[in-house]
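# Architecture at a glance
Spelled out, the chains give:
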Amino acid sequence: MTFLVSRRCFLQGLSALVVGFSFNGVRAAELLTPDLSAEQMQKTLDARQLDAWLAIRQDGRVIIYSGKVELGTGVETALRQIVADELCVSFESTRLIQGDTQLTPNQGITAGSKTIQVGGAQLRQAAASARHYLFNEGARRLGLDTSVLDTVDGCVVYRGDPTGRYVRYSDLLTQGAFERSVDKTASVRAVESYRVVGQSIPRVDIPAKVFGQFRYVHDLTVPGMVHGRVIRPPITGASRLDGLKVEHLDASELPAGAQLVYEGNFVGVVAEQEWVAMQAARALKVTWSYTSTLPNPGDLYGRLRHVAGEPEVLVEQGDVIEHMGQAAQVISAEYRWPFQNHDSIGPSCAIADVRAGAATIWSGTQGIYPLRSALANLLGIDEHAVHVIYSQASGCYGHNGADDVAGDAALLSRHCGRPVRVQWSRADEHGWNPKGPAMLMQLQGGMNESGDLVAWHFQNWTPTHVTRPSAKAGAASLLAGQLSRGLAVQGPNAGGGRNAPTSYTLVNCRVETHWIDPLSSPLRPSALRGLGAVANTFANESFMDELAWAVSVDPLAFRLRYLQDPRGRAVLEAATRQARWTPRQQGPDRWKGQSVQGRGISYVQYENENAYVAVVADVDVSSAGVRVRRVTVAHDCGLIINPDGVRNQIEGNVIQAIARTLKQEVTFNPTGVTSLEWGAYPVLAFHEVPEIDIVLLDQPDQPSVGAGEATSAAVPAAIANAVFDATGLRLRQVPLTRARLTSAMHA
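Residues numbered from 1 in each chain as written. Predicted model: local features only at pLDDT ≥ 70, side-chain atom pairs only at ≥ 80, totals over all residues. Heavy atoms only, no water.

## Some thoughts on the state of the cysteines
In this structure the tally under the stated criterion is zero disulfides. Not engaged in a disulfide, the cysteine Cys349 finds its nearest cysteine sulfur in Cys396; these two sulfurs lie 14 Å apart. Overall, the relative accessible area of 5% leaves Cys396 in the buried class. (Disulfide = S-S within 2.5 Å. Buried < 20%, exposed > 50% of the residue type's maximum accessible area, 1.4 Å probe, protein only.)

Below, the structure written as structure tokens:
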């Protein structure tokens, strides 16, 4: 019998995972730049110098050096567009070299939707500075006044005879170098003159990925390389490793050729073949002693409140206590956000070659320089002796296992004296990578007799969202350092207050964050897409809806009443107009399990100063749970570099945020994380992906800001508000599962 299955039907039977297999190893050396001379490999990294950012080859190619890296978001294409327009060259003539501590300037971490906003602005200024120098030097060489010249396609040309009287950029430089500082006063080109920016240039990385030819870090090989695995203690993912000790090691059943490596509580194996290393990790018998500090899952939010310190006041306006006391109606609500995981499809991988007091690391890290500092401290060598080369890994938004696996490989390589490749398993990734923190939000609003909001009080309880590698934290920011030296996870109070303040104009408002020491967080916390903005906006925008319904005012009209920013009002009006929003003032009858539909809205200005986003979610609710049918997004991120790239980011935000809202919660018990595979931590399936309608509000006269995270913050509340619109049930704890829906119905 023959079965005919359409591509769409086939995909609908799968989850939203695309897994690629490569059977041809790629030599890591091939990822270096073979056309660079030894002198160019020693190029300046001083960001004040033009040569840190740009080089022009004799054949006219423009080399762009970026410390910000392509994580799968399309920034490689967008950054090339920015430079091409500013330098007046074709897009095709540009090439991006990214993420190499010997080649690219230190631009910090590729995170926070800052690559275009910050990194793009730096490259634009460098390109403007280069163009001004080349233009003036071209005028000198041609013996003409600048008033009769122009820059076109990598040349300085005489307008009266552009084909016969010109000089190429490459002829104006010695060996492609500028040897001068970036001119911060150099004016950038007028937006009206852009030819490439604002166009949907196809992403340069997509064809190789579609056809299975892309070189990920997982595909790399190094001559003499062996494979390593790390054996972890049985308190998976815990922040505290109290009392942890290796009591006994039994290596009697290790397969032939496998080598045992241990230092402190760091235990690993290496072998010539990866399969042998995997078998050795299973065969090694380790007896551990430890003290469990993890709470029972049902005690999580009580624990967060109990271990928090004194609050940090982020906003204090007016007199909240007085006006809350005088309010005709006071409404209170508590919202809960769980620990969540990075759902990077491929587990983390890295290669390290440590010998003779130096190290070369190939990693999918988001921060080559911070990782370099942490690895140098771990290995006890000077950080300039550590060479970190970025090699794209499975997509991530935040601090997944990429840095930790590099630490694993580095420690194993130092012990065995050979290059070591470490590939984490799915259980390693889900269990041991840092988690997006669990958060608790408590809100109180006071309404007067006219239905006006007269007082607003927001509090949250959160660990830090930043335990990334850094020079300050050193080896303590890596699992290998925590295990080998008994170092404690650490990080500044950061990220948990993101979008805790609203962007509404509220006369009497108090916003507080109760910080939790990272060691007091049950699971190791760090950055996940949007940081605290996602949970905080879920709470803020759900509560705005609750207040609107409480005084029988349409949720859109209620928001507009307190939103003064014209760009904020514009995205709300654009989204609701596109979605054909109709005013809703009266709540539905209480749901009894039948199939119903609803819609909800949400608004955010990311970080209270960047991208504006409004979302309308349409949902179906039945006894089977919540299904998002349609999502309408209006998005303003200033000047749009690549419209299709922005749409890609918004679509990815929507899909991931739906999964985070409806499905995803890291589960654990007193011995650690239990959601160690996709069945326990599901992603959205293809048949669950809704229709996504996007309205882009381009602002050519405004700076470009990031589009990689903002929409994620607005989606959860829109879904929760739509569920209330459909059922009259207010779900305040994520994920909005069928069980929680049923429980609310029977409450």
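Okay, back to it.
## Considering the pattern of salt bridges
In a structure, side chains of opposite charge can pair up when their charged atoms sit close to one another. Counted under the stated rule, the structure contains 40 salt bridges. We note a salt bridge from Arg140 to Glu137, for which the minimum N-O separation is 2.5 Å. Of this pair, Arg140 and Glu137 both sit in helix α4 (residues 115–142), separated by three residues, roughly a single helical turn. The closest approach of N and O atoms between Glu274 and Arg229, which form a salt bridge, is 2.8 Å. You can see Glu274 sitting in helix α6 (residues 274–283) and its partner Arg229 sitting in strand β9 (residues 226–231), a full 45 residues away along the chain. Accessibility expressed as a relative area gives 23% for Glu274, which makes it partly exposed. Through salt bridges that share partners, Glu541, Asp545, Glu546, Arg559, Arg730 and Arg732 make up one connected network. (Salt bridge = Lys/Arg side-chain N within 4 Å of Asp/Glu carboxyl O. Helix = DSSP H or I, 4+ residues; strand = E, 2+ residues; numbered from the N terminus.)

## Let's talk about the pairing of strand β19 (residues 420–423)
What you see with β19 is no split at all: Val420 and Val422 on one side and Arg421 and Gln423 on the other are buried throughout. As judged from the three bridges shared by β9 and β19, these two strands associate in the parallel manner. Pairing of Gly228 across the sheet is with Val422, part of β19. Pairing between strand β16 (residues 349–355) and β19: four bridges, direction antiparallel. Paired with Ala352 across the bridge in β19 is Val420. (Pairing = 2+ DSSP bridges.)

## Here we look at empty space enclosed by the protein
One water molecule sets the probe size; rolling that probe over the atoms shows where empty space is left. According to the stated counting rule, one finds six cavities of 30 Å³ or more in the structure shown. Estimates place the volume of the largest cavity at around 420 Å³. Along its surface, the largest cavity is lined by 32 residues, and Thr73, Val75, Ile116, Ala707 and Gly708 are the ones closest to its centre. Going through the elements one at a time, α3 (75–87), α4 and α16 (643–662) are the ones with two or more residues in the lining of the largest cavity. (1 Å grid on protein atoms, 1.4 Å probe; cavity = no way out; pocket = protein on both sides within 12 Å on 5 of 7 lines; lining within 4 Å. Points joined across faces, edges and corners; volume = space filled by probe spheres on them.)

## Considerations on the packing of helix α14 (residues 555–562) against helix α15 (residues 566–578)
With their axes 10 Å apart at the nearest point, α14 and α15 run at an angle of 165° to one another. When the axes of α14 and α15 are compared, the pair comes out roughly antiparallel. Crossing of α14 against α15: the hand is left-handed. For the pair formed by α14 and α15, the contact residues are Leu556, Arg559 and Leu560 on the first element and Arg569, Leu572, Glu573 and Thr576 on the second. (Axes fitted to C-alpha atoms, helices over the stretch in contact; angles between N-to-C directions. Parallel < 35°, antiparallel > 145°, perpendicular 65-115°, else oblique. Left-handed = near helix turned anticlockwise from the far one by under 90°. Contact = heavy atoms within 4.5 Å.)

## Structural notes on the confidence of the model for the protein chain
Averaged over every residue, the pLDDT of the protein chain is 93; the share at 70 or more is 94%. pLDDT under 50 marks residues 1–24. Its contacts with residues more than four places away, or in other chains, come to 22 contacts. Contacts for the low-pLDDT stretch residues 29–35, under 50 throughout, to residues beyond four places or in other chains number 14 contacts. (pLDDT = per-residue confidence, 0-100.)

## Details of the domain arrangement of the protein chain
Taken domain by domain, the protein chain holds domain 1 (37–198), domain 2 (217–289 + 341–430), domain 3 (294–339 + 434–469 + 484–549) and domain 4 (552–746). Once you take the C-alpha centre of each, domain 2 and domain 3 turn out to be 35 Å apart. Around 1,900 Å² of area is buried between domain 2 and domain 3 when both sides are counted, 49% of it from carbon and sulfur atoms. The largest contributions to the domain 2 side of the interface with domain 3 come from Ser239, Tyr397 and His399, which together make up 34% of the buried area. Seen at the junction of domain 2 and domain 3, the total is one salt bridge. The tally of links between domain 2 and domain 3 comes to 15 residue pairs in polar contact (both at pLDDT 80 or more). Breaking the side of domain 2 that touches domain 3 down by element, the ones donating at least two residues are α9 (368–379) and α10 (402–416). The dominant element in the side of domain 2 that touches domain 3, judged by the number of residues it contributes, is α9, at six residues. (Domains from an automatic or database assignment. Buried area = accessible area lost by both parts, 1.4 Å probe. Polar contact = N/O pair within 3.5 Å; in protein donor to acceptor, adjacent residues only side chain to side chain.)

## Side note on the nonpolar core
Considering soluble globular proteins, one finds that nonpolar side chains tend to be buried as a cluster. If you look at the biggest cluster of nonpolar residues, it comprises 92 residues, and the most contacted ones within it are Met441, Trp456, Phe558, Ile658 and Ile719. When residues of this core are assigned to their parent elements, the largest contribution, eleven residues, is made by helix α17 (residues 710–727). Each of two domains, domain 3 (294–339 + 434–469 + 484–549) and domain 4 (552–746), supplies a minimum of three residues to this core. In this structure Met441 touches Ala333, Glu334, Tyr335, Arg336, Trp337, Phe458, Gln459, Asn460, Ala535, Asn536 and Ala539, once residues within four positions along its chain are discounted. (Core = buried A, V, L, I, M, F, W, Y, C linked by side-chain atoms within 4.5 Å.)

## Concerning the packing of aromatic side chains
The tally for this structure, following the rule as stated, stands at nine aromatic pairs. Through pairs of rings, three or more aromatic residues link up here, namely Tyr335, Trp337 and Phe538. Note that Arg80 overlies the ring of Phe91, its terminal NZ or CZ placed 4.4 Å from the centroid. Cation over ring: Arg730 sits above Phe724, and NZ or CZ is 4.3 Å from the ring centre. (Phe/Tyr/Trp six-rings, centres within 6.5 Å; stacked < 30°, edge-to-face > 60°. Lys NZ or Arg CZ within 6 Å of the ring centre and 35° of its normal.)

## A look at the sheet that holds strand β24 (residues 612–622)
Pairing between the strands of a sheet comes from backbone hydrogen bonds, and it takes one of two forms, parallel or antiparallel. In space, the four strands of this open sheet follow the order β23-β24-β25-β28, with mixed pairing throughout. In the strand order of this sheet, the two ends are held by β23 (596–605) and β28 (691–696), each with one partner. In this sheet, neighbouring strand axes are inclined to one another by 15° on average, regardless of whether the strands run parallel or antiparallel. Direction of pairing for β23 relative to β24: antiparallel, over a ladder of ten bridges. Bridge pairing links Ile601 to Val616 in β24. α16 contacts β25 (625–636) and β28 of the sheet and is inclined by roughly 135° relative to β28.

## Points about the sheet that holds strand β21 (residues 453–463)
Taking strand neighbours across the sheet as the criterion, the five strands line up as β14-β22-β21-β20-β15 in an open arrangement whose pairing is mixed. Lying at the two open borders of the sheet, with one neighbouring strand each, are β14 (311–317) and β15 (329–337). Recorded for the sheet is a direction-independent mean angle of 10° between the axes of neighbouring strands. In the sheet, strand β20 (residues 439–447) pairs with β21 via eight bridges, with the strands oriented antiparallel.

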